[in-house]
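Overview (structure and organization)
So you can see what is in the structure, the chains are spelled out below.
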Amino acid sequence: QQKILPSIKKKYVNDEIFNYLGKGYKLQITKGIKSSIKIEDNLLIARVKNIENTIKIKKLINKWFHEESAFYFKEKTFLYAKKNNLKVASVKVREYRARWGSCSINGNITFNWRLIMAPPYIIKYVIIHELTHLIEHNHSPRYWEHVKKAYPNVDVAKNWLIYNGKTLSI
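Quick caveat, the model's predicted, so the values are computed rather than measured.

1. A few points about the packing of aromatic side chains
Tallied over the entire structure, the rule returns nine aromatic pairs. Arranged with centres 5.6 Å apart and planes meeting at 45°, the rings of Tyr12 and Phe18 form a pair that is tilted. What makes Phe18 buried here is its relative accessible area of 1%. Judged by centre distance (6.4 Å) and plane angle (55°), the rings of Phe65 and Trp113 are tilted. With a gap of 48 residues between them, Phe65 in helix H1 (residues 54–83) and Trp113 in the loop between strand E7 (108–112) and helix H2 (120–132) connect regions that are remote in the sequence.

2. Regarding H1
Its 30 residues give H1 an end-to-end C-alpha distance of 43 Å, which sits within 8% of 44 Å, the value for a rise of 1.5 Å per residue. When H1 is considered as a whole, its buried residues turn out to be Ile57, Leu60, Ile61, Asn62, Trp64, Phe65, Ser69, Tyr72, Phe73, Thr77, Tyr80 and Ala81. Where H1 ends, the next residue or the one after it, Asn85, has phi of about 55°, a positive value.

3. Considerations on the packing of H2 against helix H4 (residues 154–164)
Contact pair H2 / H4: the axes reach a minimum separation of 10 Å and the direction vectors enclose 105°. The orientation of H2 with respect to H4, classified from their angle, is roughly perpendicular. Counted together, Tyr121, Ile122, Tyr125 and Val126 of H2 and Val154, Val156, Ala157, Lys158, Trp160 and Leu161 of H4 form the full contact between these two elements. For the contact of H2 with H4, a count of residues per class yields nine nonpolar, no polar and one charged.

4. Brief notes about the layout of surface pockets
Space inside the largest pocket adds up to approximately 700 Å³. Taken together, 28 residues form the lining of the largest pocket, with Arg97, Ala98, Arg99, Trp100 and Asn112 sitting closest to its centre. Residue assignment for the lining of the largest pocket shows that the elements contributing at least two residues are H2 and H4. With four residues, H2 is the single largest residue contributor to the lining of the largest pocket. Here the residues of the lining of the largest pocket sort into 11 nonpolar, eight polar and nine charged.

What counts, and where the lines are drawn
Residues numbered from 1 in each chain as written. Predicted model: local features only at pLDDT ≥ 70, side-chain atom pairs only at ≥ 80, totals over all residues. Heavy atoms only, no water. Phe/Tyr/Trp six-rings, centres within 6.5 Å; stacked < 30°, edge-to-face > 60°. Buried < 20%, exposed > 50% of the residue type's maximum accessible area, 1.4 Å probe, protein only. Helix = DSSP H or I, 4+ residues; strand = E, 2+ residues; numbered from the N terminus. Expected span 1.5 Å × (residues − 1). Axes fitted to C-alpha atoms, helices over the stretch in contact; angles between N-to-C directions. Parallel < 35°, antiparallel > 145°, perpendicular 65-115°, else oblique. Contact = heavy atoms within 4.5 Å. Nonpolar A, V, L, I, M, F, W, Y, C, P; charged D, E, K, R; others polar. 1 Å grid on protein atoms, 1.4 Å probe; cavity = no way out; pocket = protein on both sides within 12 Å on 5 of 7 lines; lining within 4 Å. Points joined across faces, edges and corners; volume = space filled by probe spheres on them.

If you want it as structure tokens, here you go:
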């Protein structure tokens, strides 16, 4: 029996692991005039004026994850929508407590920004799940047939989110 993995509170210190697109990156905090975040090799490099200011480091990393997720989800959602002749009105990210995404009847799709920490194949499932609501705005058997046609490994992705979803936190 697989165990649901817990959320681990980040301390925002050197060598702490942050997941991005399913890969773990070690945090490296460096001193610099202009604050920035970048991924290089296996590192998530946070450049800040004061390397002791954990609050600033946390804000910087959170902002970076939000921006990266917004960019990634927009790009991938519009790409999959175009391939399937679906019309998306907008793609946004926000923080949800208990869901990974939503799709309004008007075609506005919103994703939980934390999903950017999951592997790309899991993100693809959630995008397809939400896009399919543009065809069937429910979770009927017909809806699931559409999802399975576009993403055959639905059960693998659903289970991954159940067992690992809480680990997608910073």
